[in-house]
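# Remarks on the overall topology
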Amino acid sequence: MKNRLYISIGVLAVLILFYILNINQQKNYQSTSSQIFDFNQTQVNSFLIKSESATIEIQRVDTSWAITNNDSLVLKENILNTFFDKIFTLESETIMTKNSEKWSKYNIDDLLGTHLTFYDFNNDVIETFVFGKSSSDFSRCYIRLGDKPEVYLVNQNIMFNLQTRPEYWGEKITEEAL
């Protein structure tokens, strides 16, 4: 009877040891997320979105925002607020590659990627980011910071918010609004 008890305690101790080792090994495979943007909306005077087919610039005018070189559309505040809310909550989760030759695989090279450049009040570039669509996970996208070789998978997909169509950002001025 005592032998069975010792064997059972020994097996239980081995199982607990394997469990603890397994937990420690799995910690190595967890992705860590970190904030991408080290600036905030108050530091931004304008931003430029450039895809392979079009470009749009949104600029601060006093306390409001406007679409540059477009006087027939008024900027939709809700679209702009959603854009800033999503952009400044982006977090990098997993590094996908450090090899610039693989950028096209992640739709993030200079031709396929959507470029987002932020400018400060002196019209100096704060930072440029290149975004690419994920072909396997539609709830996330890829990001590259400027000319750095690293490509990251981010925690949400903001590709829809990086539209270059003026009609997405603005609405026609109506006589009632005047």
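Just above sits the structure.
Residues numbered from 1 in each chain as written. Predicted model: local features only at pLDDT ≥ 70, side-chain atom pairs only at ≥ 80, totals over all residues. Heavy atoms only, no water.

Below, the discussion takes up the overall build of the protein chain. Helix and strand counts for the protein chain stand at three helices and 11 strands. When the helices and strands of the protein chain are read in sequence order from the N terminus, they spell out α-β-β-β-β-β-α-β-β-β-β-β-α-β. Relative to the compact-globule value of 16 Å for 178 residues, the protein chain shows a C-alpha radius of gyration of 24 Å, a clear excess of over 25%. With the C-alpha coordinates of the protein chain rotated into their principal frame, the extents come out at 95 × 40 × 30 Å. Buried positions account for 34% of the 178 residues belonging to the protein chain. Partitioning the contacts of the protein chain with sequence separation of at least 6, the portion at a separation of at least 24 is 61%. With an accessible surface of roughly 11700 Å², the protein chain has 51% of that area assigned to carbon and sulfur atoms. Of the charged side chains in the protein chain, 16 are positive and 22 negative; the average position of the first set lies 17 Å away from that of the second. (Helix = DSSP H or I, 4+ residues; strand = E, 2+ residues; numbered from the N terminus. Rg over C-alpha atoms; globule rule 2.2 N^0.38 Å. Buried < 20%, exposed > 50% of the residue type's maximum accessible area, 1.4 Å probe, protein only. Contact = heavy atoms within 4.5 Å. Areas by Shrake-Rupley, 256 points an atom, 1.4 Å probe, with all protein chains shown as cover. Lys, Arg positive; Asp, Glu negative; His and termini not counted. Charge placed at Lys NZ, Arg CZ, Asp CG, Glu CD.)

Looking now at the sheet that holds strand β4 (residues 64–67). Across the sheet, nine strands lie side by side as β1-β6-β10-β9-β8-β7-β2-β3-β4; this open sheet has antiparallel pairing. The two strands at the open ends of the sheet, each matched to only one other strand, are β1 (34–35) and β4. Note that strand β2 (residues 46–50) and strand β3 (residues 55–61) share five bridges and pair antiparallel. Its bridge partner being in β3, Lys-50 is matched across the sheet by Thr-55. (Pairing = 2+ DSSP bridges.)

A separate point is the nonpolar core. Grouped together as the largest cluster of nonpolar side chains are 32 residues, with contacts concentrated most on Phe-47, Ile-87, Phe-118, Phe-131 and Trp-169. Residue contacts for Ile-87: discarding those within four places in its chain leaves Phe-37, Leu-116, Phe-118, Phe-131 and Ile-158. The next biggest cluster of nonpolar side chains, apart from the first, holds seven residues, and it includes Tyr-106, Ile-108, Val-151 and Leu-153. (Core = buried A, V, L, I, M, F, W, Y, C linked by side-chain atoms within 4.5 Å.)

Okay, the packing of aromatic side chains next. Under the criterion given, the structure shown has 20 aromatic pairs. When the centroid spacing of 4.8 Å and the interplanar angle of 75 degrees are considered together, the rings of Tyr-106 and Tyr-142 count as edge-to-face. On the criterion of sequence distance, the pair formed by Tyr-106 in the loop between β6 (91–97) and β7 (114–119) and Tyr-142 in strand β9 (residues 141–145) is long-range, its members being 36 residues apart. On the accessibility criterion, Tyr-142 (6% relative accessible area) is buried. Considering the side-chain rings of Tyr-168 and Trp-169, the 5.4 Å spacing of their centres and the 90 degrees angle between planes classify their relative orientation as edge-to-face. Assigned by exposure class, Tyr-168 and Trp-169 land together as buried. A network of ring pairs unites the aromatic residues Phe-37, Phe-39, Phe-47, Trp-65, Phe-83, Phe-84, Phe-88, Phe-118, Phe-129, Phe-160, Tyr-168 and Trp-169 as a single cluster. (Phe/Tyr/Trp six-rings, centres within 6.5 Å; stacked < 30°, edge-to-face > 60°.)

Turning our eyes to something else, we now look at unusual backbone geometry. Even without glycine at this site, Asp-62 takes up a positive phi of about 60 degrees. Mapped onto the fold, Asp-62 is located in the loop between β3 and β4. Positive phi is not limited to glycine here, since Asn-107 has a value of about 55 degrees. Tracing the chain through its elements places Asn-107 in the loop between β6 and β7. You can call Asn-107 partly exposed: its relative accessible area is 27%.

This part covers the pattern of salt bridges. Pairing between side chains becomes possible if they bear opposite charge and their charged atoms approach one another. Evaluated as defined, the whole model comprises two salt bridges. For the salt bridge of Glu-93 with Arg-140, the shortest nitrogen-to-oxygen distance reads 2.8 Å. Taken together, the residues Glu-93 in strand β6 and Arg-140 in the loop between β8 (125–133) and β9 connect sequence positions 47 residues apart. (Salt bridge = Lys/Arg side-chain N within 4 Å of Asp/Glu carboxyl O.)

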